[in-house]
Amino acid sequence: MVKKSLLYLVLGFYLGACGLTEVRPKLEMSLAAAAFLAAQKSDAQVRSPGLYRKAETYYLKAKSSYRRKFFNKAKQYAELSRKFSERAEFIAKRKETLENY
C-alpha cells in the first residue's frame with residue numbers, strides 16, 4: 001500500500017513538472033501577431049529597421065517556442081515582439097507624418 005501511494009506521489013510530481021500543466025499563451029501570441037502585422041503595414045521595415053528587425057526576431061522565436069511547447073519562453077518572446085512592433089510602428093507613423101509636412 002505504501003509503495004502504491006509513493007508511486008502516485010512521484011507520478012504526480014512528474015506530471016506537474018511537465019508542460020501539460022502550463023497554460024498556452026494564446027492571447028500573447030495573438031497580440032504579438034497583430035502588432036507585427038500593423039508594423040509591417042506601416043512600412044516600419046523601411047522607416048524603423050532596427051526595431052522592426054528585433055520585433056521580427058522575437059516573433060519568430062515566440063512561434064518556434066510555442067510549437068515546441070516551451071510556453072513560458074513563447075510568452076516572454078511574444079511580449080517582447082509586441083513591444084518592439086508597437087515602437088517600430090509608432091516611429092514609422094511619426095516619420096511618415098513629419099515627411100508630409
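We now turn to the structure provided with this report. (Residues numbered from 1 in each chain as written. Predicted model: local features only at pLDDT ≥ 70, side-chain atom pairs only at ≥ 80, totals over all residues. Heavy atoms only, no water.)

1. Focus: the overall build of the protein
Step number 1: Within the protein, the secondary structure is distributed over five helices and zero strands.
Step number 2: Beginning at the N terminus, the succession of helices and strands in the protein can be written as α-α-α-α-α.
Step number 3: Counting only residues that meet the buried cut, the protein has 26% of its 101 residues in that class.
Step number 4: If you take every contact in the protein between residues at least 6 apart in sequence, the share linking residues at least 24 apart comes to 72%.
Step number 5: Approximately 7,400 Å² of the protein is accessible, and the part contributed by carbon and sulfur atoms is 60%. (Helix = DSSP H or I, 4+ residues; strand = E, 2+ residues; numbered from the N terminus. Buried < 20%, exposed > 50% of the residue type's maximum accessible area, 1.4 Å probe, protein only. Contact = heavy atoms within 4.5 Å. Areas by Shrake-Rupley, 256 points an atom, 1.4 Å probe, with all protein chains shown as cover.)

2. A word on the packing of helix 2 (residues 26–41) against helix 4 (residues 49–67)
Step number 1: Between helix 2 and helix 4, whose axes approach to 11 Å, the crossing angle comes to 150°. By the angle class used here, helix 2 and helix 4 are roughly antiparallel. The handedness of the crossing between helix 2 and helix 4 is left-handed. Across the interface between the two elements, Lys26, Met29, Ala32, Ala33, Phe36, Ala39 and Gln40 of helix 2 pack against Tyr52, Ala55, Glu56, Tyr59, Ala62, Lys63 and Tyr66 of helix 4.
Step number 2: Looking at the contact of helix 2 with helix 4 residue by residue, the class counts come to ten nonpolar, one polar and three charged. (Axes fitted to C-alpha atoms, helices over the stretch in contact; angles between N-to-C directions. Parallel < 35°, antiparallel > 145°, perpendicular 65-115°, else oblique. Left-handed = near helix turned anticlockwise from the far one by under 90°. Nonpolar A, V, L, I, M, F, W, Y, C, P; charged D, E, K, R; others polar.)

3. What to know about helix 2
Step number 1: With 16 residues, helix 2 extends 23 Å between its outermost C-alpha atoms, agreeing within 8% with the 22 Å of an ideal straight helix rising 1.5 Å per residue.
Step number 2: Residues Met29, Ala32, Ala33, Ala35, Phe36 and Ala39 constitute the buried set of helix 2.
Step number 3: In this structure, the buried side of helix 2 is in contact with helix 3 (44–47), helix 4 and helix 5 (71–99).
Step number 4: In the segment just after helix 2, Asp43 is the residue with positive phi, at about 60°. (Expected span 1.5 Å × (residues − 1).)

4. Structural notes on the pattern of salt bridges
Step number 1: A complete count under the given rule lists five salt bridges for this structure.
Step number 2: Note that Arg53 and Glu56 form a salt bridge whose closest N and O atoms lie 2.6 Å from each other. Taken together, the residues span about one helical turn, with Arg53 and Glu56 both in helix 4 at a distance of three residues.
Step number 3: Among the ionic contacts, a cluster of salt bridges with common partners joins Asp43, Arg47 and Glu99. (Salt bridge = Lys/Arg side-chain N within 4 Å of Asp/Glu carboxyl O.)

5. Section: unusual backbone geometry
Step number 1: Of note in the backbone geometry, Asp43 takes a positive phi value of approximately 60° without being a glycine.
Step number 2: The partly exposed category is assigned to Asp43, whose relative accessible area is 36%.
Step number 3: Even without glycine at this site, Lys69 takes up a positive phi of about 65°.
Step number 4: Relative to the assigned elements, Lys69 resides in the loop between helix 4 and helix 5.

6. Quick look at the nonpolar core
Step number 1: Counting residues in hydrophobic clusters, the biggest one holds 16 residues, and the most contacted among them are Phe36, Ala44, Tyr52, Tyr59, Ala62, Ala78 and Ala88.
Step number 2: For this core, the elements supplying multiple residues, two or more each, are helix 2, helix 4 and helix 5.
Step number 3: Contacts of Ala88, omitting those with residues within four sequence positions, involve Ala44, Ser48, Leu51 and Tyr52. (Core = buried A, V, L, I, M, F, W, Y, C linked by side-chain atoms within 4.5 Å.)

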